[in-house]
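Survey of secondary and tertiary structure
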Amino acid sequence: MNVKNEKKVLVLSFLGVITLILVVVGATYAYFTAQGGGTGNINVNAQTATTDNLSFQVGEAISLTANQENFGQGADNKSGSTYARATLTANNATNNATRNYYVYLNITSNNFEYTTVDEQAELLLKVTNPTGAEVTTLGTLERKTSGGVTGFDITTQTGLITIADNYEITSTGTVTQDWNIEVIFANLDSDQNANTGKTFSANLIVREDSPIGITEVSTSNITSDSITLTVDAVSENTITNYYFAKNEEEYVSSASDTYTFSGLDAATEYTLKAYAVDSEGYQSAVYTTEARTATPTFADTCRETSSNTLACKVAITYTTDGVNGLYYHDGVGTYINADQEAGDNSYRYAGANPNNYVCFGSDEATCPADNLYRIIGVFGNQVKLIKSDYTGESVFGTASVVSGIPNPSYYKGNLSSIPNYYWSGSSSNQSNVWSSSTLNTNVLNGTYITTLGSEWSDLIDEHIWQVGGASSANVYSSPIQIVYNYEAGANRANVTYEAKIGLMYVSDYGYAASPENWSTNMGSLSNDTNRNNNWMQMGAIEWTISRCSNNSTNVFFVFDNGFVGNDYGNIYNAIRPSFYLESSVEISSGDGTQENPFRIVV
């Protein structure tokens, strides 16, 4: 929309500026008389460089006064009227001339009031457009029926009313468009003496450009119960107020161009409306847009129910991506690009060292190091844990212990030596099928689960693990979202195994890194930045649960230098058991730090 500095304005002034013959309407008890006369007009021509000629003409101003001597109960309604005319003459060389214009009713004074308790309309505005049809929608004005007449209620209205907004006129010769305006004083057959001596004055303004308009309306911060609307408007004057409404509700006035609709229903479509008004009283057209509230997140549900589960405790600490080390993977891309998130509505911890510690398997006042776990994230309504340090002989009994530690400068654990295990369960078994691995059946879901004891193991969910894996190409040459999709997301092979205990996914490891690493190919994560900004990176070579789907022997693991590789399943690597807690698991205390981990109610 262009706002022109040079106004092509026709303002028919009244009361002394331009001689007008007034339409005088007097009022008595429920009776009004209207008087009118004269044919004085003002013309304004607007010409283009092609000499197409657009001219405007308006009728006389309306001036209405309610006088006691004119009272007469039972008389008919009386009215005053005027008109606006636009004439477009096309240049002979122009095949088709098209222009646009604006018409405003300028109510310069009005001190009428409602005289009935139910606020029946006393002044009604009727507008007929150039096609001869009555206008039934006019900005925010309300249509009412009073005294047998239906029109827009302007009983207490002042200022400018937009009659025609950017109305088009087209001509191949000469075309005339007329707008007919009528103000009607309704006979209510009730005591209207309160309006004795009250006056109403108005004139028409026609111009080829609009002094104010809305260029854009945008929505943001959409939640399950709120939507924020922002209006971009321009005016040749100063914009003084913005008006906002939803559906058919009343408008709310604000000096700000931004307004938040709150208390909305979740997953519901709303019609949002806005317009602006400037210091001269010009009102923009009403801008309408549709927006839908979000489906409630798990965190929203937790806040509403005040649940004390560990899953809720984690979820409600999420406010904005990165705060408290949490990232919400809704697939929208709040913190980064949407195509880097898992898009599974999970809440995942990421970065160097978030406060995501849990004491599991012990109720001692000081949690033993062997009972420290860390939260990978909240998936659905369940918390997924991984052992904080590599699992040693104290849990599994006999294992192959590697002397020394690979790249000890990167190792963050407490063990002086790291027990290693065959992924397949034995050196003679080269299969990468998780269901046939005795590490799975005999160790993790055998010795380990037994060591925890029934009181604690009952808190672990019998989970369906995705064990189809991904191809080496999809892992090495792809960012983490692609790996996730093939491993456990939309493109998964859907090979499953149901058990309580498993290992981390490759994608668990990838998303534990700070977000700037999420766009890096998983085969290129061998750098200090990733290692030092990934709380899951411990410094030793560690198995994942994911097989290499393009062969029958290899399994993915995390290298000691940070990137992901694969090798035969019948070689040694470190492990850290991982599992999902039952959704009902509650906490009694703790803040998630290593010194004060979350404590679970048993």
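Here the residue index of a chain counts from 1 through its sequence in written order. Under the rules for a predicted model, residues below a pLDDT of 70 receive no local features and side-chain atom pairs below 80 are neither given nor counted, while totals for whole chains, interfaces and linings still include all residues. Heavy atoms from the whole structure form the basis of all side-chain values; hydrogens and water molecules are not counted.

1. Description of the overall build of the chain
- Secondary structure counts use DSSP, requiring at least four H or I residues in a row for a helix and at least two E residues in a row for a strand, with both numbered from the N terminus. Scanning the chain from terminus to terminus reveals nine helices and 37 strands.
- For every residue, the accessible area (1.4 Å probe, protein chains only) is compared with the maximum for its type, and the residue is labelled buried under 20%, exposed over 50%, or partly exposed between those bounds. In the chain, which comprises 602 residues, the share counted as buried stands at 51%.
- Only heavy atoms matter for contacts: two residues are in contact if any of them lie within 4.5 Å across the pair. Within the chain, counting contacts between residues at least 6 apart in sequence, those at least 24 apart form 69% of the total.
- For every accessible area listed, the method is Shrake-Rupley and the probe measures 1.4 Å; residues are considered covered only by the protein chains on display. Counting only carbon and sulfur atoms, one obtains 43% of the accessible surface of the chain, whose full area is about 24900 Å².

2. Observations regarding the packing of aromatic side chains
- Side-chain rings of Phe, Tyr and Trp, where Trp is taken by its six-membered ring, are said to pair if the distance between their centres is within 6.5 Å; with planes under 30 degrees apart they count as stacked, over 60 as edge-to-face, and otherwise as tilted. Going through the model one piece at a time under the given rule, you end up with 27 aromatic pairs.
- Relative to Tyr 275, the ring of Tyr 243 lies with its centre 4.7 Å away and its plane at 10 degrees, an arrangement referred to as stacked. One end of the pair, Tyr 243, is in strand E17 (residues 239–246); the other, Tyr 275, is in strand E20 (residues 269–278), with 32 residues separating them in the sequence.
- Accessibility expressed as a relative area gives 22% for Tyr 243, which makes it partly exposed.
- What makes Tyr 275 buried here is its relative accessible area of 7%.
- Here the aromatic residues Phe 56, Tyr 101, Tyr 167 and Trp 179 are joined through ring pairs into a cluster of three or more.
- Its end group placed over the ring of Phe 152, Arg 143 keeps NZ or CZ at 5.2 Å from the ring centre.
- Here, over-ring charges are defined by two tests on the NZ atom of lysine or the CZ atom of arginine: distance to the ring centre within 6 Å, and angle to the ring normal within 35 degrees. The ring of Tyr 390 has Arg 576 sitting right over it, with the charged end atom 5.7 Å from the ring centre.

3. Topic: the confidence of the model for the chain
- For the chain, per-residue confidence averages 85 on the pLDDT scale, and residues scoring 70 or more make up 84% of the total.
- Within the model, pLDDT remains below 50 along residues 1–42, and this stretch shows 150 contacts once partners closer than five positions in the same chain are excluded. A score from 0 to 100, pLDDT tells how confident the predictor is in each residue.

4. Quick notes on the pattern of salt bridges
- Basic side-chain nitrogens of Lys or Arg form a salt bridge, by our definition, when they fall within 4 Å of a carboxyl oxygen of Asp or Glu. Scanning all chains against the criterion turns up 15 salt bridges.
- Here Asp 178 ties to Arg 85 by a salt bridge, and the two come within 2.7 Å at their closest N and O atoms. With Asp 178 in strand E13 (residues 174–185) and Arg 85 in strand E7 (residues 78–89), this pair connects stretches of sequence that are 93 residues apart.
- A salt bridge links Arg 207 to Glu 236, with the shortest nitrogen-to-oxygen separation between them at 3.3 Å.

5. Some remarks on unusual backbone geometry
- You will see that Glu 119, though not glycine, has its phi angle at about 55 degrees, which is positive.
- Following the sequence through the fold, Glu 119 ends up in the loop between strand E8 (97–110) and strand E9 (123–128).
- Positive phi is not limited to glycine here, since Asn 247 has a value of about 50 degrees.
- Looking at the element boundaries, Asn 247 is found in the loop between E17 and strand E18 (252–254).

6. Considerations on the state of the cysteines
- For this text, the term disulfide refers to a pair of cysteine sulfurs within 2.5 Å. All chains considered together, the criterion is met by two disulfides.
- With its sulfur 2.0 Å from that of its partner, Cys 302 forms a disulfide with Cys 312. Where Cys 302 bonds to Cys 312 through sulfur, the torsion about that S-S bond is close to -75 degrees, and the disulfide is left-handed. In this pair, Cys 302 sits in helix H1 (residues 298–305) while Cys 312 sits in helix H2 (residues 310–315), placing the two residues ten residues apart along the sequence.
- By relative accessible area, Cys 312 is classed as buried at 3%.
- The disulfide partner of Cys 359 is Cys 367, and the gap between their sulfur atoms is 2.1 Å. Its torsion about the S-S bond being 90 degrees, the disulfide of Cys 359 and Cys 367 is classed as right-handed.

7. Regarding helix H4 (residues 438–452)
- For H4, the complete set of buried residues consists of Leu 439, Asn 440, Val 443, Leu 444, Gly 446, Tyr 448, Ile 449 and Leu 452.
- Contacts described as polar in this section are N or O atom pairs within 3.5 Å, which, within protein, must combine one atom able to donate a hydrogen with one able to accept it, while residues neighboring in sequence count only if both atoms come from side chains. By the N-cap criterion, in which a side-chain oxygen at the helix start approaches the backbone nitrogen of a residue two or three places on, H4 is capped by Ser 437, the distance to Leu 439 being 3.2 Å.
- Looking one or two residues past H4, Gly 453 carries a phi angle of roughly 90 degrees, positive in sign.

8. Observations concerning the sheet that holds strand E19 (residues 258–262)
- Strand order in the open sheet formed by three strands is E15-E16-E19, and the pairing between neighbours is antiparallel. Each edge of the open sheet carries a strand with a single partner, namely strand E15 (212–220) and E19. Pairwise comparison of adjacent strand axes, ignoring direction, gives a mean angle of 25 degrees for this sheet.
- Two strands are said to pair when DSSP picks up at least two bridges between them. Relative to E19, strand E16 (residues 226–235) is paired through five bridges, and the arrangement is antiparallel. Only the stretch in contact is used when a helix axis is fitted, and all axes are lines through C-alpha atoms; the angle between N-to-C directions ranges over 0 to 180 degrees.

9. Description of the sheet that holds strand E32 (residues 554–558)
- What the three strands build is an open sheet, ordered E31-E32-E33; its pairing is antiparallel. Each edge of the open sheet is held by one strand with a lone partner, namely strand E31 (542–547) and strand E33 (564–568). In this sheet, neighbouring strand axes are inclined to one another by 40 degrees on average, regardless of whether the strands run parallel or antiparallel.

10. Some points on the environment of Met 538
- Tracing the chain through its elements places Met 538 in the loop between helix H9 (528–532) and E31.
- In this structure, the C-alpha to C-alpha distance between Met 538 and Tyr 390, residues 148 residues apart in sequence, is 8.5 Å.

11. Remarks on a negative patch on the surface
- A grouping of Asp 363, Glu 364, Glu 455, Asp 458 and Glu 582 is seen on the molecular surface, where their side chains present a negatively charged patch.
- Tracing the backbone shows Asp 458 in the loop between helix H5 (454–457) and strand E29 (463–466). Patch criteria: residues need more than 30% relative accessible area and no salt bridge. Like-charged residues are merged within 9 Å; nonpolar side chains of Val, Leu, Ile, Met, Phe, Trp and Tyr are merged within 5 Å. Only four residue types enter the tally: Lys and Arg on the positive side, Asp and Glu on the negative side; His and the chain ends are excluded. In this description, the location of a charge corresponds to atom NZ of lysine, CZ of arginine, CG of aspartate or CD of glutamate.

12. Quick notes on the side chain of Ser 457
- Positionally, Ser 457 belongs in helix H5.
- If we ignore the near neighbours within four places in the chain, the residues touching Ser 457 are Ile 449 and Lys 500.

13. Some thoughts on the environment of Arg 599
- Looking at the secondary structure, you find Arg 599 in strand E37 (residues 598–600).
- Relative accessible area serves as the criterion here: at 13%, Arg 599 is assigned to the buried category.
- A sequence separation of 289 residues divides Arg 599 from Leu 310, and the C-alpha atoms of the two residues are 9.2 Å apart.
- Residues contacting Arg 599, with those up to four places away along its chain left out, are Cys 359, Ser 362, Asp 363, Glu 364, Ala 365, Cys 367, Glu 586, Ile 587, Ser 588 and Ser 589.

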